[in-house]
Amino acid sequence: MNESALKTPPPTEVVELDIGGMTCASCAMRIERKLNKLDGVTATVNYATEKARVEVPRGLTTEAVIAEIRKTGYTAEAPAPPTAQASGAQGEGDAEDGELRTLRHRLIGSVVLSVPVILMAMIPVLQFPFWQWLSLALAAPVIVWAAWPFHRAALVNLRHGAATMDTLVSVGTSAALLWSVYALFFGTAGTPGMTHPFELTVAPTDGAANIYLEVAAGVTMFVLAGRYFEKRSKRTAGAALRALLQLGAKDVAVLKDGREERIPIEQLSVGDEFVVRPGEKIATDGVIVEGRSAIDQSMLTGESVPVEVTVGDPVVGATVNAGGRLVVRATRVGADTQLAQMAKLVEDAQSGKAQVQRLADRISGVFVPIVLALTAGTLGVWLGAGFPVAAAFTAAVAVLIIACPCALGLATPTALLVGTGRGAQLGILIKGPEVLESTRKVDTVVLDKTGTVTTGRMSLLAVRAGAGEDETEVLRIAGALEDASEHPIAQAIAAGATSRIGELGSVESFENHEGRGVHGIVDGHLAVVGRESLLDDWAIEVPEDLRAAKLDAESAGQTAVLVGWDGAARGVLVVADRVKDTSREAIAALRRLGLTPVLLTGDNATVARHVADEVGIDEVIADVLPAEKVGVVRDLQASGKVVAMVGDGVNDAAALAQADLGLAMGTGTDAAIEAADITLVRGDLRAVGDAIRLSRRTLGTIKTNLFWAFAYNVAAIPLAALGLLNPMLAGAAMAFSSVFVVSNSLRLRTFRSRTTGAPRATTTATEPARQLERA
């Protein structure tokens, strides 16, 4: 590349902005439309993550974009750099907790004050003299203070000529309060002994004799409950990034003048040499300059078999040194490391997600303008017909009040709470209502191999004894020798031997040969266990039957370990990442749901094909690097597929975020769990089918709830417009719709798992659920 090309600035710059003040999906759409009207700007605003991704052309500054967003009525600022995010994660959480705490205080206050108001209005025996004035004293703080977020949002919407459900809630509750105040001070509603009789007759009423405080307080309380649970579900929108950034080491032992000095990871520079002891995380990407070991890269690559490394081999930060002492020279630090790049992939995938439109907001886009038009029309018709102003305003306000559906606030949170509660009993943690939409059209399920379809741990699968040899003796001697080694394959052999034959023999003169195997004396026998090259060093010839068994295992993608003693090869031990017992049943369940399973792995094609054949998967995508998994998901989406991704490793986090529906195994890493939409606590692949069925059932329940939440009130609008609305009828419609919504939601408790042996109560999932509470 020539020098002039290097000096040429890019035509556009991608800017990530944190957006504040959005209350619904229509807010995100408004900001997006506003930004896209600017010359050369392409913007995507995500309501779920409260972020904007903006392509800014040359000549337009980020400050100008932020100013445009602020003119629209929202806040915007550039996010802190990754290192600051990591170090300030706690502070960010505190700020988010403060916002959630304020909302919780409003909800608690509204519940305490609203319940007595509703009870007094609905139960005539509680209507003591001057009860209406106590109702005003209790309801006014609810409608003014607790409902302030809705009033503020309505004002913002008004300035920009828009209307959302916040508009309807604000106008309806305000109208109910103002009319009740008018009736109390200037009408007859404030007279001692005034009651709301329990009757559902449809007849003209004197608006100045009735109050609607219970409707306004009840609406505020229920809608606040919905907003609170929504905010809780969005609370961990940035937790995937923090989980990834916190995976790395926090400090590092740097070599300076031959001495080790431990410093914070932020002070590490390219070219520094640092020490990594067995069991420690590698601080950053680098090259080994001293030592040899086995590196556990499963956290990043998903590869179950540790990789043997020596001088000159590259290593990746956040992987674990499973063997000897290493000295590593840093080649990439900070934002250039593979871990930081994976965090960026997760952020990009989350920011690029399709915006989720709340069903209530979609309906309100049509419903709210119609109600406001009907209110104005009712007022105009009554005045035009020559009726008194008080009667005309009574009818118009009644339309506003009855059109504000209090059950709307219950429609989503009750179904979500019951559905997610039932899911928790089955080991399924659903993050929020936006997740349910994703399950409806999913047709392809991409499955990570390691830790998802397989156990993710090396296991002893088979023992092949040579001619005339005893399998038990081969396993006993090999297990005793390998029990003295810390290598993961050695530990798998030792564990398998202990579980099959019990007590192992004693070992003397043990010696480890890095990357090749071990030797030692077991019960008087000089034994060698490891690669064929190690047996060659001891002049031990491998017979054809054992060589054939070794080749068969390797052709199936398994690891073959040779065993010999007293100068002769005695057997072959076959070790591999074992397929979970329930995986085949899980794949069959997904097919019954009309879903196409795809196996995606970084392992080689031979291993992947063998696993796929064992569980019944036809399509396999193998030899995929961590960063390429996102691309695979994108390619499937581009071909018209609606993709669910199931994974458990850090290498799956970005793909989980990119997929239309992300499901993380609860036995996996925090980064995968935070990036996913659904967490499967049990680590049982069969729970994927259950999660999709439960999500679809819950979404169907929410839709039914929303329909009836509007239906009861819409049916009563004509009565209000004709001046026939009895306050008791309005209260009954509110109560009946709420009872229906709650009862319909409780039906989700009957959901049953179709898998055998699935937990039926929370006792089996309590501890994992507690650990995954943040998800």
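Residues numbered from 1 in each chain as written. Predicted model: local features only at pLDDT ≥ 70, side-chain atom pairs only at ≥ 80, totals over all residues. Heavy atoms only, no water.

- Per an unreviewed UniProt entry, the protein goes by Cation-transporting P-type ATPase B and derives from Agromyces binzhouensis.
- Taken directly from UniProt, the Subcellular location (unreviewed entry) text for the protein runs: "Cell membrane".
- In the Sequence similarities (unreviewed entry) part of its UniProt record, the protein is described as follows: "Belongs to the cation transport ATPase (P-type) (TC 3.A.3) family. Type IB subfamily." (UniProt positions renumbered as here; feature names shortened; annotations may be inferred.)

**Thoughts on the overall build of the protein**
In step 1: Within the protein one finds 29 helices and 26 strands.
In step 2: In the protein, which comprises 775 residues, the share counted as buried stands at 53%.
In step 3: Here the contacts in the protein between residues at least 6 apart in sequence split such that 70% fall between residues at least 24 apart.
In step 4: For the protein, the accessible area works out to roughly 32,300 Å², and carbon and sulfur atoms hold 57% of it. (Helix = DSSP H or I, 4+ residues; strand = E, 2+ residues; numbered from the N terminus. Buried < 20%, exposed > 50% of the residue type's maximum accessible area, 1.4 Å probe, protein only. Contact = heavy atoms within 4.5 Å. Areas by Shrake-Rupley, 256 points an atom, 1.4 Å probe, with all protein chains shown as cover.)

**Overview of the sheet that holds strand β12 (residues 320–321)**
In step 1: Spatially, β10-β9-β12 is the arrangement adopted by the three strands of the open sheet, whose pairing is antiparallel. The two strands at the open ends of the sheet, each matched to only one other strand, are β10 (307–309) and β12.
In step 2: Relative to β12, strand β9 (residues 293–296) runs antiparallel, the two being bridged by two bridges. For Ile-295, the partnering residue across the bridge sits in β12 and is Asn-321. (Pairing = 2+ DSSP bridges.)

**Side note on the environment of Ala-687**
In step 1: Structurally, Ala-687 is set in helix α27 (residues 687–721).
In step 2: Residues Ala-687 and Met-665 lie 22 residues apart in sequence; the distance between their C-alpha atoms is 9.4 Å.
In step 3: Residues within four places of Ala-687 in sequence aside, it is in contact with Ile-428, Leu-680 and Arg-682.

**So, a nonpolar patch on the surface**
In step 1: A cluster of nonpolar side chains, Val-111, Val-115, Leu-119, Ile-123, Val-125 and Leu-126, forms an exposed patch at the surface whose accessible area comes to about 470 Å².
In step 2: Tracing the chain through its elements places Val-125 in the loop between α5 (89–122) and α6 (131–146). (Patch = residues over 30% accessible without salt bridge, like charges linked within 9 Å, V, L, I, M, F, W, Y side chains within 5 Å. Salt bridge = Lys/Arg side-chain N within 4 Å of Asp/Glu carboxyl O.)

**Digging into the UniProt feature "transmembrane region" (unreviewed entry) in the protein**
In step 1: The UniProt entry lists residues 107–124, 130–148, 168–189, 209–229, 363–383, 389–412, 705–722 and 728–746 under the feature "transmembrane region" (unreviewed entry), expressed in the numbering used here.
In step 2: Secondary structure across residues 107–124 divides into 89% helix and 0% strand, with the first and last C-alpha atoms of the span separated by 27 Å.
In step 3: Counting secondary structure, residues 168–189 comes out at 82% helix and 0% strand; the distance between its end C-alpha atoms is 25 Å.

**Some thoughts on helix α18 (residues 471–482)**
In step 1: For α18, with twelve residues, the first-to-last C-alpha span of 16 Å sits near the 16 Å given by 1.5 Å per residue.
In step 2: Within α18, nine of the twelve residues are buried, leaving the element largely enclosed by the surrounding structure.
In step 3: Along α18, the residues classified as buried are Val-474, Leu-475, Arg-476, Ile-477, Ala-478, Gly-479, Ala-480, Leu-481 and Glu-482. (Expected span 1.5 Å × (residues − 1).)

**Comments concerning a positive patch on the surface**
In step 1: Taken together, Arg-592, Arg-697, Arg-747 and Arg-754 make up a surface patch of like positive charges.
In step 2: Within the element layout of this structure, Arg-747 appears in the loop between α28 (727–746) and α29 (766–771). (Lys, Arg positive; Asp, Glu negative; His and termini not counted. Charge placed at Lys NZ, Arg CZ, Asp CG, Glu CD.)

**Remarks on the confidence of the model for the protein**
In step 1: When pLDDT is averaged along the protein, the result is 78; 79% of the residues meet or exceed 70.
In step 2: Mean pLDDT in the protein bottoms out at α29, which sits at 31, and peaks at α6, which reaches 94.
In step 3: In the model, residues 1–10 has pLDDT below 50 throughout and makes three contacts with residues more than four positions away in sequence or in other chains.
In step 4: Below pLDDT 50 for its whole length, residues 352–357 participates in 16 contacts with residues either more than four positions away or in separate chains. (pLDDT = per-residue confidence, 0-100.)

**A closer look at the pattern of salt bridges**
In step 1: One pass over the full model with this rule turns up 23 salt bridges.
In step 2: The closest approach of N and O atoms between Arg-325 and Glu-260, which form a salt bridge, is 3.6 Å. With Arg-325 in the loop between β12 and β13 (326–332) and Glu-260 in strand β6 (residues 259–264), this pair connects stretches of sequence that are 65 residues apart.
In step 3: Under the relative-accessibility criterion, Glu-260 is labelled partly exposed at 33%.
In step 4: With its nearest N and O atoms 3.7 Å apart, the salt bridge here joins Arg-262 to Glu-280. Separated by 18 residues along the polypeptide, Arg-262 in strand β6 and Glu-280 in the loop between β7 (273–276) and β8 (285–290) bring together distant segments of the chain.
In step 5: Taking relative accessible area as the criterion, Arg-262 reaches 44% and is therefore assigned partly exposed.

**Looking at the side chain of Ser-170**
In step 1: Residue position: Ser-170 is located in helix α8 (residues 165–185).
In step 2: Assessed through its relative accessible area of 7%, Ser-170 is described here as buried.
In step 3: Separated by 2.8 Å, the side chains of Ser-170 and His-151 make a polar contact.
In step 4: In contact with Ser-170, other than residues within four places in its own chain, are Phe-150, His-151 and Ala-154. (Polar contact = N/O pair within 3.5 Å; in protein donor to acceptor, adjacent residues only side chain to side chain.)

**Quick look at the sheet that holds strand β21 (residues 568–579)**
In step 1: If you walk across this open sheet you meet the six strands as β16-β21-β20-β19-β18-β17, and the pairing is antiparallel. What marks the edges here is a single partner per strand, and that holds for β16 (454–465) and β17 (507–513). Averaged over all neighbouring strand pairs, the angle between strand axes comes to 20°, with direction disregarded.
In step 2: Here strand β19 (residues 525–530) runs beside strand β20 (residues 559–565); their pairing, made up of four bridges, is antiparallel. Of the residues in β20, the one forming a bridge with Ala-527 is Trp-565.
In step 3: Each of β16, β20 and β21 touches helix α19 (residues 488–501); the most contacted strand, β16, lies at about 65° to it. (Axes fitted to C-alpha atoms, helices over the stretch in contact; angles between N-to-C directions.)

**Thoughts on the packing of α6 against helix α7 (residues 148–159)**
In step 1: Two elements in contact, α6 and α7, have axes separated by 5 Å at closest approach and are oriented at 45°. Relative to α7, α6 is oriented oblique. Within the contact between the two elements, α6 uses Ile-143, Val-144, Trp-145 and Ala-146 and α7 uses Trp-148, Pro-149 and His-151.
In step 2: Here the contact of α6 with α7 is composed, by residue class, of six nonpolar, one polar and no charged. (Parallel < 35°, antiparallel > 145°, perpendicular 65-115°, else oblique. Nonpolar A, V, L, I, M, F, W, Y, C, P; charged D, E, K, R; others polar.)

**A short note on the packing of aromatic side chains**
In step 1: Within this structure, the stated rule accounts for four aromatic pairs.
In step 2: With centroids separated by 4.7 Å and ring planes inclined at 45°, the aromatic side chains of Trp-382 and Phe-387 adopt a geometry described as tilted.
In step 3: The exposure class assigned to Trp-382 is buried, which follows from its relative accessible area of 15%.
In step 4: An aromatic cluster of at least three residues, connected via ring pairs, comprises Trp-179, Tyr-182 and Phe-186. (Phe/Tyr/Trp six-rings, centres within 6.5 Å; stacked < 30°, edge-to-face > 60°.)

**Thoughts on the side chain of Thr-455**
In step 1: Inspection of the secondary structure puts Thr-455 in strand β16.
In step 2: According to the relative accessible area criterion, Thr-455 is buried, its value standing at 16%.
In step 3: A polar contact is formed between the side chain of Thr-455 and the side chain of Asp-577, at a distance of 3.1 Å.
In step 4: Other than its neighbours up to four places away in sequence, Thr-455 contacts Asp-577, Arg-578 and Lys-580.

**What to know about the environment of Ile-489**
In step 1: On the secondary structure map, Ile-489 appears in helix α19.
In step 2: In this structure, the C-alpha to C-alpha distance between Ile-489 and Arg-457, residues 32 residues apart in sequence, is 9.3 Å.

**Here we look at the pairing of strand β5 (residues 251–256)**
In step 1: In this sheet, β6 lies alongside β5 in antiparallel orientation, the contact comprising six bridges. When the bridges of β6 are listed, Lys-256 appears paired with Arg-259.
In step 2: Between β5 and β6, which pair antiparallel in sequence order, lie two residues; one of them, Asp-257, sits at a positive phi of approximately 55°.
In step 3: Two strands pair when backbone bridges link them, and β5 and β7 are joined in this way by two bridges, in the antiparallel orientation. By the bridge assignment, Val-254 is partnered in β7 with Phe-274.

**A short note on α6**
In step 1: With 16 residues, α6 ought to run about 22 Å at 1.5 Å a step, and its terminal C-alpha atoms sit 22 Å apart, in line with that.
In step 2: Inspection of α6 places Trp-131, Gln-132, Ser-135, Leu-136, Leu-138, Ala-139, Val-142, Ile-143 and Ala-146 among the buried residues, and these make up the whole buried set.

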